Amino acid sequence: MMRSGSVILISLGFSAVLLSACGTAEQPSTATVMAVTEPATETLPPPTPTASPTGTSTATAEPTATATQVPRISVSENTNCRQGPATSYLFEGVLAVGDSAEVLARGDVPDYWYIANPQKPGEGCWLWGEYAQIDGNTDALPVFTPMPSPTPAVGFEVSVKSFQSCGDIFYVVFGVQNTGGQRIWSGYVTVEDLDTHEILYKAAERHPFADLVKPVCPPGHGNELWPGETRYVHAPLSPVVSGDNALGTITLCTADWQGGTCLTQYSYFQLP
């Protein structure tokens, strides 16, 4: 009997050990779940992305302060202002020595600037930069694309080439180049003193073109100016005031006696 009781006690003890072992096996499972869930909460990204756009917005606001400082342009020689960045465009005004104008834009044509027209407030025109000086930063200026270059049937360029005397007669000599596609025959020539508003010379010229700058007495004239040719118009002047600003207005036509198609160009200069 005692042996049988010992067996029962041993069996009960063994069952207790098994129950105890089963109870301890559940604890690591709970610890494992905690170990997985807690790090997942800690690795959420911090809410900081808004810091970068704020810094970028502040940085780009700085150039606004300098954009209001519009650069200005001046010239060392009187320079024509045109409808586009080439001599084939029509005349719109002139920027005179001593004056300045706002620079509104840069062009995709080298050495031309789009400026506020000195003669037409509220409008713009293109200025050649050969004799120009710019005061201010032009890097922030917009790039302006001009209208297509015209191909006029009649075209010419005029500039002052020389001042000559023939006896007691004093001449201003204009060089004229036919840049169009038609022959030029006749025209009108006017020279005005811009300081006194006196008309120094005004005449209808039937065949005004001479072959040479320096005139004979009187200067010779040709009958026509063909495309691509350069000849000279001699305008005799009344007594002049040295140093005054003057304007030559040259109108040339494709037919005799100021007929056909006529075109006007201007040349600003200073009386010697």
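Above: the structure in question.
Quick caveat, the model's predicted, so the values are computed rather than measured. (Residues numbered from 1 in each chain as written. Predicted model: local features only at pLDDT ≥ 70, side-chain atom pairs only at ≥ 80, totals over all residues. Heavy atoms only, no water.)

(A) Just the pattern of salt bridges, in detail. One pass over the structure, following the stated rule, counts five salt bridges. Taking the shortest distance from any N to any O, the salt bridge between Glu157 and Arg82 comes out at 3.2 Å. Of this pair, Glu157 sits in strand β9 (residues 156–166) while Arg82 sits in strand β2 (residues 79–82), and the two are 75 residues apart along the sequence. Glu157 sits in the buried class, given a relative accessible area of 16%. Using a relative accessible area of 6% as the deciding quantity, one classes Arg82 as buried. Taking the shortest distance from any N to any O, the salt bridge between Asp256 and Arg206 comes out at 3.0 Å. Of this pair, Asp256 sits in the loop between β14 (245–255) and β15 (259–270) while Arg206 sits in the loop between β12 (198–205) and β13 (230–237), and the two are 50 residues apart along the sequence. (Salt bridge = Lys/Arg side-chain N within 4 Å of Asp/Glu carboxyl O. Helix = DSSP H or I, 4+ residues; strand = E, 2+ residues; numbered from the N terminus. Buried < 20%, exposed > 50% of the residue type's maximum accessible area, 1.4 Å probe, protein only.)

(B) Expanded view of the state of the cysteines. Tallying each qualifying case throughout the model produces two disulfides. Through a disulfide, Cys81 is tied to Cys125; the S-S separation comes to 1.9 Å. A torsion of 95 degrees about the S-S bond marks the disulfide between Cys81 and Cys125 as right-handed. Separated by 44 residues along the polypeptide, Cys81 in strand β2 and Cys125 in strand β6 (residues 124–128) bring together distant segments of the chain. Each member of the pair Cys81 and Cys125 is classed as buried. Sulfur-sulfur distance for the disulfide between Cys253 and Cys262 comes to 2.0 Å. (Disulfide = S-S within 2.5 Å.)

(C) Structural detail: the sheet that holds β13. Read across the open sheet, the three strands follow the order β9-β10-β13; overall the sheet is antiparallel. Bordering the open sheet on either side are β9 and β13, each of which pairs with just one other strand. Strand after strand, the sheet turns through a mean of 25 degrees between neighbouring axes, direction not considered. Two strands pair when backbone bridges link them, and strand β10 (residues 169–178) and β13 are joined in this way by eight bridges, in the antiparallel orientation. Within β13, the position partnered with Tyr171 by the bridge is Pro236. (Pairing = 2+ DSSP bridges. Axes fitted to C-alpha atoms, helices over the stretch in contact; angles between N-to-C directions.)

(D) Expanded view of the environment of Gly259. With respect to the helices and strands, Gly259 occurs in strand β15. Of the residues examined, Gly259 reaches a relative accessible area of 18% and is grouped as buried. Residues Gly259 and Ser186 lie 73 residues apart in sequence; the distance between their C-alpha atoms is 7.8 Å. If near-sequence neighbours (up to four positions away) are discounted, Gly259 is found in contact with Ser186, Cys253 and Thr254. (Contact = heavy atoms within 4.5 Å.)

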